[in-house]
Amino acid sequence: MKKTYISQIGLLIVAMIWGSGFVGTQLALDGGLTPLQIITLRFFIGALLINLIFFKQIKENVSKDAIKHGCILGFFLFTAFVVQTIGLVYTTPSKNAFITATNVIIVPFIGFLIYKQKLDKIGIISSILTVIGIGILSLESDFSINFGDFLTLVCAFGFAFHIFFTSKYAVRYNPMVLTAIQFSVAFVLSLFTQILMGEGSINAGIDGYLGVLYLGVFSTTVCFLVQTICQKSVEGNKTAIILSTEAVFGTLFSVIILKELVTLRMILGSFIIFIAIIMAETKLSFLKKKDIYVEEACIESNEDTSKY
């Protein structure tokens, strides 16, 4: 139990760092780096650091199955980050953060489709609320959706698959091995895509390099290593809800550092999505406990009355 609590705190710290990562990405973009260049550099830094620091442990624990499943995680990681970073070019950091957080709603549906895990009524209601929240947050006056918001929604699916399969694989393989492999795969895929898109030449300012350095060291290396370790003790759905708090941190950092303007529509949409996320994870169990306490109090009251 103590290990579980420590792991949950670790995941909360990851969410906080990821929340600041939206600001780091914006700085890197403003500093002259393209989305693909940011992805390539951050995963190059992550792969380099993990493989160098934990080389002995990785060598002793690597296996064919670990490589195979690490590659799957790397693919989803690459896909999610590419569409998220490109989406940030067309939308704001706070909207990017909150729409990304909807992966918590998607994770149970992955379990339902792949492993036939049951869906509950509250999960379905929370999904409907999420769609409403995204609509308020993202739909334009003509009911069209911003391109950046659409890409961010695709990104949420990528992260949902990554979280789901990380929970499956983290208990079977060494976390350093999984992290090193997925970083390496994400780096190779992003580098290949970058060259294919003709973005091999980098022309960035100091802000761009500082932004991507922060992303590579903290938002990538530290965060994903801690996430993989912590998911040994925390199930996928609960991991998703804790990590989804990055949306709150992302908004706070965007407002404080980037001076982003917060509108009533943004607050309303984000609030609905946040409520949906809480419902999806807690299943409103705190209300059930309250009902139990009331029922017990009534029983005790009746017992006391019968004595007289």
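Everything numeric here is computed off the predicted structure, so don't read it as measured data.

What counts, and where the lines are drawn
- Residues numbered from 1 in each chain as written.
- Predicted model: local features only at pLDDT ≥ 70, side-chain atom pairs only at ≥ 80, totals over all residues.
- Heavy atoms only, no water.
- Helix = DSSP H or I, 4+ residues; strand = E, 2+ residues; numbered from the N terminus.
- Buried < 20%, exposed > 50% of the residue type's maximum accessible area, 1.4 Å probe, protein only.
- Contact = heavy atoms within 4.5 Å.
- Areas by Shrake-Rupley, 256 points an atom, 1.4 Å probe, with all protein chains shown as cover.
- Patch = residues over 30% accessible without salt bridge, like charges linked within 9 Å, V, L, I, M, F, W, Y side chains within 5 Å.
- Salt bridge = Lys/Arg side-chain N within 4 Å of Asp/Glu carboxyl O.
- Phe/Tyr/Trp six-rings, centres within 6.5 Å; stacked < 30°, edge-to-face > 60°.
- Lys NZ or Arg CZ within 6 Å of the ring centre and 35° of its normal.
- Expected span 1.5 Å × (residues − 1).
- Polar contact = N/O pair within 3.5 Å; in protein donor to acceptor, adjacent residues only side chain to side chain.
- Core = buried A, V, L, I, M, F, W, Y, C linked by side-chain atoms within 4.5 Å.
- Bend = angle between axes of the 7 residues up to and from the residue.
- Axes fitted to C-alpha atoms, helices over the stretch in contact; angles between N-to-C directions.
- Parallel < 35°, antiparallel > 145°, perpendicular 65-115°, else oblique.
- Left-handed = near helix turned anticlockwise from the far one by under 90°.
- Nonpolar A, V, L, I, M, F, W, Y, C, P; charged D, E, K, R; others polar.

Explanation requested: the overall build of the protein in the structure shown.
For the protein, the count of helices and strands is 14 helices and 0 strands. Secondary structure elements of the protein, listed N to C terminal, follow the sequence α-α-α-α-α-α-α-α-α-α-α-α-α-α. For the protein, the proportion of its 308 residues judged to be buried stands at 49%. Here the analysis covers contacts within the protein between residues at least 6 apart in sequence; of these, 91% occur between residues at least 24 apart. By element, 71% of the accessible surface of the protein is carried by carbon and sulfur atoms, the whole surface being about 15,500 Å².

Honestly, a nonpolar patch on the surface in this entry has me stumped. Any pointers?
Taken together, the side chains of Phe-112, Leu-113, Ile-114, Tyr-115, Leu-119, Ile-124, Ile-128 and Ile-132 present a nonpolar region at the surface, about 720 Å² in accessible area. Per-element tally for the nonpolar patch: the top contributor is helix α6 (residues 103-115), with 4 residues. Summarising the element assignment, Ile-114 is placed in helix α6.

In this structure, what is going on with the packing of aromatic side chains? I would like to understand it.
Aromatic ring pairs are defined here through the distance separating the ring centres and the angle between the ring planes. Following the criterion strictly, the structure yields 15 aromatic pairs and no others. Measuring from centroid to centroid gives 5.9 Å for Phe-43 and Phe-183, while their planes differ by 55 degrees, and the two rings are tilted. Of this pair, Phe-43 sits in helix α2 (residues 35-53) while Phe-183 sits in helix α9 (residues 175-196); the two residues are 140 residues apart in sequence, bridging distant segments of the chain. Exposure class is identical for Phe-43 and Phe-183. Each is buried. Note on Phe-161 and Phe-165: the rings are 6.4 Å apart at their centroids and 15 degrees apart in plane angle, and the pair reads as stacked. Linking Phe-161 with Phe-165, this pair stays in helix α8 (residues 147-170), spanning 4 residues, or about one helical turn. Assessed through its relative accessible area of 25%, Phe-161 is described here as partly exposed. On the basis of relative accessible area, Phe-165 is assigned to the buried category, the value being 12%. In this arrangement the basic side chain of Arg-42 is found over the ring face of Phe-43, its NZ or CZ atom lying 6.0 Å from the centre.

I'm lost on α6 in this one. Help?
One turn of the α-helix equals 3.6 residues, which is why residues spaced by three or four share an orientation. Along its 13 residues, α6 runs 18 Å from first to last C-alpha, staying within 8% of the 18 Å computed at 1.5 Å per residue. Buried within α6 are the following residues: Asn-103, Val-104, Ile-105, Ile-106, Val-107, Ile-110 and Gly-111.

Quick question: what am I supposed to make of the side chain of Gln-37 here?
Assignment of secondary structure puts Gln-37 in helix α2. A polar contact is formed between the side chain of Gln-37 and the backbone nitrogen of Thr-34, at a distance of 3.1 Å. Beyond its immediate chain neighbours, meaning those up to four positions away, Gln-37 contacts Gly-32, Gln-194, Glu-199, Ser-201 and Ile-202.

Before we go on, may I ask you to explain the nonpolar core in this structure?
One recurring pattern in soluble globular proteins: nonpolar side chains tend to sit buried together. Core analysis: the largest hydrophobic core is formed by 56 residues, its most contacted members being Phe-43, Leu-77, Phe-81, Phe-159, Phe-183 and Phe-224. Leave out the neighbours within four places in its chain, and Leu-77 touches Phe-43, Phe-159, His-162, Gln-182, Phe-183 and Phe-224. Core analysis: the next-biggest nonpolar cluster, separate from the first, contains 7 residues, Leu-33, Ile-38, Leu-88 and Val-212 among them.

Honestly, the environment of Val-177 in this entry has me stumped. Any pointers?
Along the chain, the position of Val-177 falls in helix α9. Between the C-alpha atom of Val-177 and that of Ala-66, which follows or precedes it by 111 residues, the distance is 7.2 Å.

I'm lost on helix α10 (residues 206-230) in this one. Help?
Taking 1.5 Å of rise per residue, the 25 residues of α10 would be expected to cover 36 Å, and the 34 Å separating its terminal C-alpha atoms lies within 8% of that figure. At Leu-215, α10 shows its maximal bend, which comes to roughly 30 degrees.

Help me out: how do you make sense of the packing of α6 against α8 in this one?
When two helices pack together, their arrangement is captured by the angle between the axes and the distance separating the axes. Where α6 meets α8, the axes come as close as 8 Å, and the angle between the chain directions of the two elements is 60 degrees. In terms of orientation, α6 and α8 fall into the oblique class. The chirality of how α6 crosses α8 is right-handed. Counting all contacts with α6, which are made through Asn-103, Ile-106, Val-107, Ile-110, Gly-111, Ile-114 and Tyr-115, the residues of α8 involved are Ala-156, Phe-157, Phe-159, Ala-160, Phe-161, Ile-163, Phe-164, Phe-165 and Lys-168. Class assignment of the residues belonging to the contact of α6 with α8 gives a composition of 13 nonpolar, 2 polar and 1 charged.

In this structure, what is going on with the packing of helix α1 (residues 2-30) against helix α4 (residues 64-90)? I would like to understand it.
Interaxial distance between α1 and α4 falls to 11 Å at its minimum, and their mutual angle equals 70 degrees. When the interaxial angle is binned, α1 and α4 end up roughly perpendicular. Our pair here, α1 against α4, has a crossing hand that is right-handed. Contacts from Phe-22, Thr-25, Gln-26 and Leu-29 of α1 reach α4 at Gln-84, Thr-85, Leu-88 and Val-89.

How should I be thinking about the environment of Gly-70 in this particular structure?
Structurally, Gly-70 is set in helix α4. Taking the C-alpha atoms as reference points, Gly-70 and Pro-175, 105 residues apart in sequence, are found 9.9 Å from one another. Once you skip the residues sitting within four places of it in the chain, Gly-70 turns out to touch Leu-178, Ile-181 and Gln-182.

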